[in-house]
Number of protein chains: 2
Amino acid sequence: MQTSRSKPCPCPSFKLREVASMYFTMVAVFLVILVVALQGSAPRGSDFPYKVPLDPQGLLELSWNVSYPQQVVHFQLLLRDLRFGLLFGMSDRGEFENADLAVLWSDGHNSYFGDAWSDAKGQLHMDSQQDYQLLGARRAPEGLYLLFRRAFSTCDPKDYLIEDGTVHLIYGILEKPVHSLQAINISAIHRGLQRVQLLKPNITVPELPSDMKTMEITAPNIVIPSQETTYWCYMTELPADFPKHHIIMYEPVVTAGNEALVHHMEVFQCAAEFDSFPHYNGPCDSKMKPDRLNYCRHVLAAWAMGAQAFYYPKEAGLAFGGPGSSRYLRLEIHYHNPLVFEGRHDSSGIRLYYTATLRRYDAGIMELGLVYTPVMAIPPGEEAFILTGYCTDKCTQLALPAAGIRIFASQLHTHLAGRKVVTVLARDGRERQVVNADGHYSPHFQEIRMLKELVAVFPGDELITTCTYNTEDRSRATVGGFGILEEMCVNYVHYYPQTQLELCKSAVDPGYLHRYFNLVNRFNDEEVCMCPQVSVPQQFFSIPWNSFNRDVLKSLYGFAPISMHCNKSSAVRFPGEWEKQPLPTITERLQEPIPHCPSAPGPRPAAPVPLNLGPLRKD
Amino acid sequence: MQTSRSKPCPCPSFKLREVASMYFTMVAVFLVILVVALQGSAPRGSDFPYKVPLDPQGLLELSWNVSYPQQVVHFQLLLRDLRFGLLFGMSDRGEFENADLAVLWSDGHNSYFGDAWSDAKGQLHMDSQQDYQLLGARRAPEGLYLLFRRAFSTCDPKDYLIEDGTVHLIYGILEKPVHSLQAINISAIHRGLQRVQLLKPNITVPELPSDMKTMEITAPNIVIPSQETTYWCYMTELPADFPKHHIIMYEPVVTAGNEALVHHMEVFQCAAEFDSFPHYNGPCDSKMKPDRLNYCRHVLAAWAMGAQAFYYPKEAGLAFGGPGSSRYLRLEIHYHNPLVFEGRHDSSGIRLYYTATLRRYDAGIMELGLVYTPVMAIPPGEEAFILTGYCTDKCTQLALPAAGIRIFASQLHTHLAGRKVVTVLARDGRERQVVNADGHYSPHFQEIRMLKELVAVFPGDELITTCTYNTEDRSRATVGGFGILEEMCVNYVHYYPQTQLELCKSAVDPGYLHRYFNLVNRFNDEEVCMCPQVSVPQQFFSIPWNSFNRDVLKSLYGFAPISMHCNKSSAVRFPGEWEKQPLPTITERLQEPIPHCPSAPGPRPAAPVPLNLGPLRKD
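Residues numbered from 1 in each chain as written. Chains lettered and ligands numbered in written order. Predicted model: local features only at pLDDT ≥ 70, side-chain atom pairs only at ≥ 80, totals over all residues. Heavy atoms only, no water.

Asker: Describe the overall build of chain A, and please don't skip the residues or the numbers.
Answerer: A count of helical and extended segments in chain A gives six helices and 38 strands. With 619 residues in all, chain A has 57% of them scored as buried. At a minimum sequence separation of 6, the contacts of chain A that also span at least 24 residues come to 77%. Accessible surface, chain A as shown: approximately 26,300 Å² in total, 52% of it carbon and sulfur. (Helix = DSSP H or I, 4+ residues; strand = E, 2+ residues; numbered from the N terminus. Buried < 20%, exposed > 50% of the residue type's maximum accessible area, 1.4 Å probe, protein only. Contact = heavy atoms within 4.5 Å. Areas by Shrake-Rupley, 256 points an atom, 1.4 Å probe, with all protein chains shown as cover.)

Asker: So what about the interface of chain A and chain B? Which residues, and what values?
Answerer: At the junction of the two partners, chain A supplies 20 residues and chain B supplies 20 residues. Roughly 1,900 Å² of surface becomes buried between chain A and chain B when both sides are summed, with 67% attributable to carbon and sulfur atoms. The interface formed by chain A and chain B includes zero salt bridges. Linking chain A with chain B are two residue pairs in polar contact (both at pLDDT 80 or more), by the criterion used here. Among the secondary structure elements, those contributing two or more residues to the side of chain A that touches chain B are α4 (510-523) and α6 (547-557) of chain A. Grouping the constituent residues of the side of chain A that touches chain B by class yields ten nonpolar, five polar and five charged. (Buried area = accessible area lost by both parts, 1.4 Å probe. Salt bridge = Lys/Arg side-chain N within 4 Å of Asp/Glu carboxyl O. Polar contact = N/O pair within 3.5 Å; in protein donor to acceptor, adjacent residues only side chain to side chain. Nonpolar A, V, L, I, M, F, W, Y, C, P; charged D, E, K, R; others polar.)

Asker: Outline the sheet that holds strand β14 (residues 229-237) of chain A, listing residues and values.
Answerer: Pairing between sheet strands relies on hydrogen bonds along the backbone, with the strands arranged either parallel or antiparallel. All names here are of chain A. Read across the sheet, five strands follow the order β17-β14-β21-β16-β18 without closing on themselves; strand pairing throughout is antiparallel. Each of the sheet's edge strands pairs with one partner strand only, and the pair in question is β17 (281-283) and β18 (298-304). Strand-to-strand, the axes of this sheet are offset by a mean angle of 15 degrees, without reference to chain direction. Judged from the seven bridges that link them, strand β16 (residues 262-269) and strand β21 (residues 328-336) form a sheet pairing that is antiparallel. Bridging from a neighbouring strand, Q269 pairs with L329 of β21. (Pairing = 2+ DSSP bridges. Axes fitted to C-alpha atoms, helices over the stretch in contact; angles between N-to-C directions.)

Asker: Got a sec to walk through the relation of the copies chain A and chain B? Specific residues and values, please.
Answerer: Superposing chain A onto chain B takes a rotation of 180 degrees plus a shift of 0.1 Å along the axis, which leaves an RMSD of 0.1 Å. Such a combination of rotation and displacement between the chain copies is what one expects of a two-fold axis. Of every C-alpha in chain A, the one belonging to V552(A) sits nearest the axis of rotation, 2.9 Å from it. Residue by residue, 100% of the interface of chain A is reproduced at the interface of chain B, so both copies engage with the same surface. (Least-squares fit on C-alpha atoms with pLDDT ≥ 70 in both.)

Asker: Now, about helix α6 (residues 547-557) of chain B: what can you tell me, with residues and values included?
Answerer: Within α6(B), eight of the eleven residues are buried, which leaves the element mostly enclosed by the surrounding structure. Listing the buried residues of α6(B) in full gives F548(B), N549(B), R550(B), V552(B), L553(B), S555(B), L556(B) and Y557(B).

Asker: Tell me about unusual backbone geometry, residues and numbers included.
Answerer: For the bond running from Y496(A) to P497(A), omega is -10 degrees, close enough to zero to count as cis. Along the chain, P497(A) falls in the loop between β34 (490-496) and β35 (503-508). Although it is not a glycine, Q71(A) sits at a positive phi angle of roughly 55 degrees. One can find Q71(A) in the loop between β2 (60-67) and β3 (72-79). Residue classification places Q71(A) among the partly exposed positions, given a relative accessible area of 31%. Positioned with a positive phi, D241(B) is a non-glycine residue whose angle comes to about 60 degrees. Residue class for D241(B) comes out exposed when judged on its relative accessible area of 76%.

Asker: Describe the sheet that holds strand β17 (residues 281-283) of chain B, listing the residues and the values that go with them.
Answerer: Residues and elements named next belong to chain B. Spatially, the five strands line up as an open sheet ordered β17-β14-β21-β16-β18, and their pairing is antiparallel. One side of each edge strand has no neighbouring strand; the edge strands of this open sheet are β17 and β18 (298-304). Each neighbouring strand pair of the sheet contributes to a mean axis angle of 15 degrees, computed without reference to strand direction.

Asker: Report on the state of the cysteines, specifying residues and quantitative values.
Answerer: Residue and element names in this part refer to chain A. Within the structure shown, the criterion is met by ten disulfides over all chains. The disulfide partner of C467 is C489, and the S-S distance across this bridge is 2.0 Å. Residues C467 and C489 share a disulfide whose torsion about the S-S bond is about 85 degrees; that sign makes it right-handed. In this pair, C467 is assigned in strand β32 (residues 462-469) and C489 in the loop between β33 (478-479) and β34, connecting sequence segments 22 residues apart. Side by side, C467 and C489 carry an identical accessibility label, which is buried. (Disulfide = S-S within 2.5 Å.)

Asker: So, the pairing of β35(A): which residues are in play, and what are the values?
Answerer: All names here are of chain A. Most of β35 is tucked away: six of the six residues are buried. Here β35 shows a buried face lined by L503, K505 and A507 and a second buried face lined by C504, S506 and V508. Judged from the four bridges that link them, strand β25 (residues 364-370) and β35 form a sheet pairing that is parallel. What sits directly across from L370, in β35, is S506.

Asker: Quick rundown of the pattern of salt bridges? Include the residues and the values.
Answerer: All names here are of chain A. For the coordinates displayed, the defined rule picks out 44 salt bridges over all chains. Measuring nitrogen to oxygen at the nearest pair gives 2.6 Å for the salt bridge that ties E251 to R351. Placement of the pair is E251 in strand β15 (residues 245-253) and R351 in strand β23 (residues 349-355), with a sequence separation of 100 residues. Put simply, D509 and K580 hold a salt bridge, and the shortest N to O gap is 3.1 Å. With D509 in the loop between β35 and α4 and K580 in the loop between β37 (572-573) and β38 (609-611), this residue pair connects regions lying 71 residues apart in the sequence.

Asker: Describe the packing of α6(A) against α6(B), with residues and values.
Answerer: It is at 9 Å that the axes of α6(A) and α6(B) come closest, and there the two elements cross at 165 degrees. On the basis of their axis angle, the class for α6(A) and α6(B) is roughly antiparallel. Where α6(A) crosses over α6(B), the handedness of that crossing is right-handed. Mapping the contact onto sequence places F548(A), D551(A), V552(A), S555(A) and L556(A) in α6(A) and F548(B), D551(B), V552(B), S555(B) and L556(B) in α6(B). When the residues that make up the contact of α6(A) with α6(B) are grouped by side-chain class, the tally is six nonpolar, two polar and two charged. (Parallel < 35°, antiparallel > 145°, perpendicular 65-115°, else oblique. Left-handed = near helix turned anticlockwise from the far one by under 90°.)

Asker: Tell me about the packing of aromatic side chains, residues and numbers included.
Answerer: This structure, assessed with the given rule, holds 50 aromatic pairs over all chains. For the ring pair F75(A) and F88(A), a centre distance of 5.4 Å and an interplane angle of 65 degrees mean the geometry is edge-to-face. With F75(A) in strand β3 and F88(A) in strand β4 (residues 85-91), this pair connects stretches of sequence that are 13 residues apart. The class of F75(A) is buried, set by a relative accessible area of 0%. Where Y68(B) meets F152(B), the ring centres are 5.9 Å apart and the plane angle is 75 degrees; that geometry is what we call edge-to-face. With Y68(B) in the loop between β2 (60-67) and β3 (72-79) and F152(B) in the loop between β9 (143-151) and β10 (166-173), this residue pair connects regions lying 84 residues apart in the sequence. Both residues of the pair, Y68(B) and F152(B), belong to the buried class. Clustering of aromatic rings is evident, with ring pairs tying together Y250(A), F310(A), Y312(A), Y361(A), F408(A) and Y496(A). (Phe/Tyr/Trp six-rings, centres within 6.5 Å; stacked < 30°, edge-to-face > 60°.)

Asker: Please provide a residue-by-residue account of the confidence of the model for chain A, values included.
Answerer: Residues and elements named next belong to chain A. When pLDDT is averaged along chain A, the result is 87; 87% of the residues meet or exceed 70. Contacts from residues 1-45, a stretch scored under 50 in pLDDT, to residues over four places away or in other chains number 51 contacts. Ignoring residues within four places in sequence, the model shows residues 601-605, a span with pLDDT below 50, making eleven contacts including any to other chains. (pLDDT = per-residue confidence, 0-100.)

Asker: Give a description of the nonpolar core that names residues and reports values.
Answerer: Formed by 86 residues in total, the largest nonpolar core has its most connected members in W64(B) and L146(B). Among all residues touching W64(B), those that are not within four sequence positions of it are F48(B), P49(B), Y50(B), K51(B), V52(B), V73(B), H74(B), F75(B), V196(B), Q197(B), L198(B) and K200(B). (Core = buried A, V, L, I, M, F, W, Y, C linked by side-chain atoms within 4.5 Å.)

Asker: Break down the packing of helix α4 (residues 510-523) of chain B against α6(B) for me, with residues and values.
Answerer: Residue and element names in this part refer to chain B. Between α4 and α6, the least distance of the axes is 11 Å, while the angle of their chain directions is 160 degrees. Classed by the angle they form, the pair α4 and α6 counts as roughly antiparallel. Like other packed secondary-structure pairs, α4 and α6 cross with a definite hand, here right-handed. Each of Y512, L513, Y516, L519, V520 and F523 in α4 lies in contact with α6, whose residues at this interface are F548, N549, V552, L553 and L556. Taken together, the residues of the contact of α4 with α6 sort by class into ten nonpolar, one polar and no charged.

Rendered as structure tokens:
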């Protein structure tokens, strides 16, 4: 039976009732409720403002919306080429073990939907509490639409907790009929991973001025290299004598058909100290790329898959053009082409919306977290090692205006070992507010995120940025630095009004680190060369990483005074004494929010919901 | 309305129905269920094998039973002198803040029962999930009986999780009418605390032999001192030429009327190396007490309030009498007399059941945990500092028989700073089984507890005992030792067959502790005297306790090699090298059990249950 758009819900046929009669009365009651729900909730495209392709071919397309009052996400999944069902779900970092899954499966005759979980070995189990709730299913010319909802938090220990920040979505396509959920072998199916920010902030779009103009910074019809990962660099420039404007919005321009390949894009402005920059159009890691392009690092716009248009708050805009600002721009596009398509042309990029009618405030970007220095290091083989960077009360006291600043967006940044990033605002020694947190942070998914609400920062406040790293696959220490195998811990916060403070970061006092090296040398029986002429990375590399040396490094970072970088630009500090500063003392931590537990929906004991879709495979 | 025994359940009167009509349909439906439940569950005394008085006057008496299949405790509370209601509940350590409470209250006309919780300020709130479920209430000549049940785990974050080990029960008596739950000021009511082991093991009583005899070791009609705390010592002796017997059971003998005053009792056997011990009958802390009584430390029997008779497993008995065993016994009774009653006479004690027909195995007692030495220390101001004592594979390899031993009971022991104690069995580096755990351990409630199941320990196994201490009220370090302000971390395990291994305990290697003192001295800017002629306690007392010195001490205890005491008696080690032994490496920890969440009972939204008791105050 194929239902049409005007009658979108499959009504239970006689066959369905037969199947249902096998279940308890409660299940029957639930099915009545389900049918009512199906009839009242025809999926409409406009209901789902957010959309991403899940797989590189775009066979699975996910749309969703978020209801904060109900604390629920509604998902609409389009299956363009439906085989014998699919798995869709979430897990900590995209793995298929210990995952929380919605599963649609067919035995060739009948189809079923259920909430499942996979154990540490990847074996699927029906969930005792059915929290992915099916709301509807319908066939359309383009494929099968499945509509379902999931509460942010279910209080079922087997379920994923949907939080702010990155969510690792996983999918799998069933290419053969299966007779039960337990019969699905998830290691043998076509499967993949997509990262998104599910809980998009619910922000009213500010009114746009009538004199608004647009400018597209796009790739010049390039051919996407036939390799999994490419960072493409393209240099362009503003018109001569382009006066100061405010960028008030930007949005992605993605070449039709390449939606699943364009992973993220950024527009950088080059440094004003150089009069000109060479033109370039090619891979960013090419030997042909002029070195000077490394001086194009001031972010004007950043977009990543799943993100929508970015609107500045109505009071502020990002200044570009005018004196003291470079004309040169660098577009960087990350193409993710795991199926190694050949010959794909692309002209994707970012469309800037700007105005000459300057808004009240220039927006600024400030860097919080750790200084890029090897004194901050992570031992090898750590599952979750924590480093913290401070923006101290002394620095904000000196650099922020009395009326404070308002942070409205944030971009978290680490290199490859980063797993979590969080910035917390503290005042008078008490943590007050999370500025931005990502408990499932991935270095492969960095986007500028609007905050759910403005964060006001006043003189004397402290901003504490904590990064968690995983170095289980490394055999020597990872030190701080610019290299891809070195680490960073940074939160670029976007705020207004712009101040002179560009950088408010810290690192451990080098003298105390030296005491640590001495201590390790004396305490351990091994004789380790800690000669003073040896570099800090070399000293870290020569440490025998027993539990004592690991623990004492943690203790050192939690105790030793810090060197503060409270800077006007990366080289110029505010006047004052910034060495051997005391660590901020925090007397009151923010409480972990207690998850709201909705009353458990669905049948108990849990049973799959039969769907009347006819045989799943069309042909 | 006062119901008689033959009609124990209050049937809803018209008035009750009137009140109920104010609530939602769901509440009404629930009440119907409740009435059905009430009629089906008349409380019978034999249903509640465990009983304790809650208050020192014995006005409140708690009986309970435990259903392991249902994971539920049924409570029967007798209120002998009912005022305007009461609070009964549980909290981490007996505090009235953050407590989980069942409340019966009356406004002078109507009575209500509800599940409540108190916040960090002690304010009461109705719980959103009603997990104390009222099953019945009836008046009897002796007072009002309330019958209710509570699942071990409710998965409500406001609720207390009922676990093995000590539970701190709290009670409060409402002496004035209150118009709502929220109006109760818990700081102004008559209230108190009682510690019990709620989850008693479900053990079949072994058959007792026909030749069994009894011997009462009881106080000789003493007068309980009119002070809050007394430890009474009474010396007695076995008959001359008393041959070897097996104690196979013992039970408390508590003088009628003193049930609320007798807190715990122990019978110790004196050391065999002394031919005689002086008679004594007086407080244990008296200056008159002969010093030699300190050599009476071998536990024969231990009872604490709430405990029942203690049965040895049918295969084993505790040997006493015969050659090589002292005739002298010391009875110690802890009287807890907070209301400072005067002139109360007491002849409480313990009744031993013993047989001359020796059972297959002599039972033994082995001491696990930490050596009593100052090298194991706790910094001051710690909320939860952890020390661990090891019984290593090398020691069990040497000392245990190939067929292993079976542990059937355990008595945990610390001094005043102890808050948690747990012993875990590990084999091949993997934790296998919890031997005994008390997450709410109190040094004021030490009893020999039967294990729910025998724990088999084989040569090569490791027994790891971990104690958690709170020193927030202390200003200097607490070192290990015998003094009441020094600390211990001990688990006396009762097992069979008896072996030569009496003591399997550890302490950090003193050389590594010396390196720690040196390190502290060098790392910190302060100049601390760590001169070698100074004692270990003095060195600990002079440490400036910053976070680094605290953390590094923890790291030291988690890393440094240990000195093992693998002893036949407290002075004689098994032959072998026991110094600078490596710490056991544990590669796999036991998982915290995921609590089983019953479907939430009771009305939603939560509402108090009206009770038809008539005006609560009798007169």
